[in-house]
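What follows is the residue order along each chain.
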Amino acid sequence: MALEDIRNRIAAAEAAAGRAAGSVKLIAVSKVQPPERAEAVLAEGQRLFGENYVQEAAAKWPAWRERFPGVAVHMIGPLQTNKAKQAVDLFEAIHTLDRASLAERLARLAQARGASPDLFVQVNTGAEPQKAGVLPDDADAFIATCRGLDLPVIGLMCIPPEGEDTTPHFAMLAGIAARNGLTGLSMGMSSDFEAAIAAGATHVRVGSAIFGARVYA
Ligand SMILES: *Cc1c(COP(=O)(O)O)cnc(C)c1O
């Protein structure tokens, strides 16, 4: 079974990197997958999931949370400021904090609710114009801004450029995290999660290797 295979590969990568067993969290990325695939993985005991779209997550997860206690869902897609309120109600963590306007909105929501999801700052390690995330040179200042707003930033997230060797990007993200005293590293997907674990990933986001290819309508 794919889920068990991925769990075994994560355990082997942890051991190979000299890291403690269980130090890497597997986020099963269920965006756009048929519901029966997610239900099969829930039935196998997986409880941590990733979603990219607020609307889709709002339609799927409330019912599954009732049926499968202990579920946590992380937002890993770009977050529009006008969806922030819905997002803080839906997700245990948001991996895509990438701009001051969103930080300010999340801070106001956190104050009103007395709680906030865990936050990861997304860094555009490849400085790609079309990609979300703060530029590497701006990361330290942005993290300081978020801390000034009392936001619970626990780590950094990146999506390396398509088709490039991901290792330098993972190393860059780990370096920015270390110099800012952040321990969370959300990096690595189906094709490169083992390399990400070798570079220190604490959260790997694996979709198609668990669920099969996504079929977009
Ligand atoms: C879709 C997605 C993933 C999962 O990608 P796979 O290649 O299917 O593992 C991981 N991270 C983000 C940010 C995504 O959007």
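For the structure, see preceding data.
Quick summary incoming for the structure in this document. Predicted model, so just to flag it, every value in this text is computed and none were measured.

**Side note on the pairing of strand β8 (residues 203-206)**
Point 1. Here β8 shows no split at all, with His203 and Arg205 on one side and Val204 and Val206 on the other all buried.
Point 2. Strand direction decides the pairing type here: strand β1 (residues 25-29) and β8, joined by four bridges, are parallel. What sits directly across from isoleucine 27, in β8, is arginine 205.

**Considerations on the pattern of salt bridges**
Point 1. Summed over all chains, the structure comprises eleven salt bridges.
Point 2. Of the charged contacts, one joins lysine 85 and aspartate 89 as a salt bridge, the two residues approaching to 3.9 Å between their closest N and O atoms. Of the two residues, lysine 85 and aspartate 89 are both situated in helix α4 (residues 84-90); the distance of four residues between them amounts to about one turn of the helix.
Point 3. Its relative accessible area of 51% is what places aspartate 89 among the exposed residues.
Point 4. Of the charged contacts in the structure, one is a salt bridge between lysine 131 and glutamate 128, with a shortest N-O distance of 2.8 Å.
Point 5. A relative accessible area of 21% means that lysine 131 is categorised as partly exposed.
Point 6. Judged by its relative accessible area of 14%, glutamate 128 falls in the buried class.
Point 7. A single network of salt bridges, built from pairs that share partners, joins Asp5, Arg9 and Glu194.

**What to know about the nonpolar core**
Point 1. If you look at the biggest cluster of nonpolar residues, it comprises 60 residues, and the most contacted ones within it are Leu97, Leu106, Val121, Leu151, Leu156, Val204 and Ile210.
Point 2. Sequence-distant contacts of valine 121, defined by excluding residues within four places in its chain, comprise His95, Leu97, Val134, Phe142, Ile143, Cys146, Val153, Gly155, Leu156 and Met157.

**Observations regarding the packing of helix α2 (residues 35-43) against helix α3 (residues 54-67)**
Point 1. Relative to each other, α2 and α3 sit at 25°, their axes nearing to 12 Å. Considered as vectors, α2 and α3 are oriented roughly parallel to each other. Our pair here, α2 against α3, has a crossing hand that is right-handed. Contact with α2, carried on its side by Pro35, Ala38, Glu39 and Leu42, involves Trp61, Trp64 and Arg67 of α3 and no other residues of that element.

Definitions and limits used
Residues numbered from 1 in each chain as written. Predicted model: local features only at pLDDT ≥ 70, side-chain atom pairs only at ≥ 80, totals over all residues. Heavy atoms only, no water. Buried < 20%, exposed > 50% of the residue type's maximum accessible area, 1.4 Å probe, protein only. Helix = DSSP H or I, 4+ residues; strand = E, 2+ residues; numbered from the N terminus. Pairing = 2+ DSSP bridges. Salt bridge = Lys/Arg side-chain N within 4 Å of Asp/Glu carboxyl O. Core = buried A, V, L, I, M, F, W, Y, C linked by side-chain atoms within 4.5 Å. Contact = heavy atoms within 4.5 Å. Axes fitted to C-alpha atoms, helices over the stretch in contact; angles between N-to-C directions. Parallel < 35°, antiparallel > 145°, perpendicular 65-115°, else oblique. Left-handed = near helix turned anticlockwise from the far one by under 90°.

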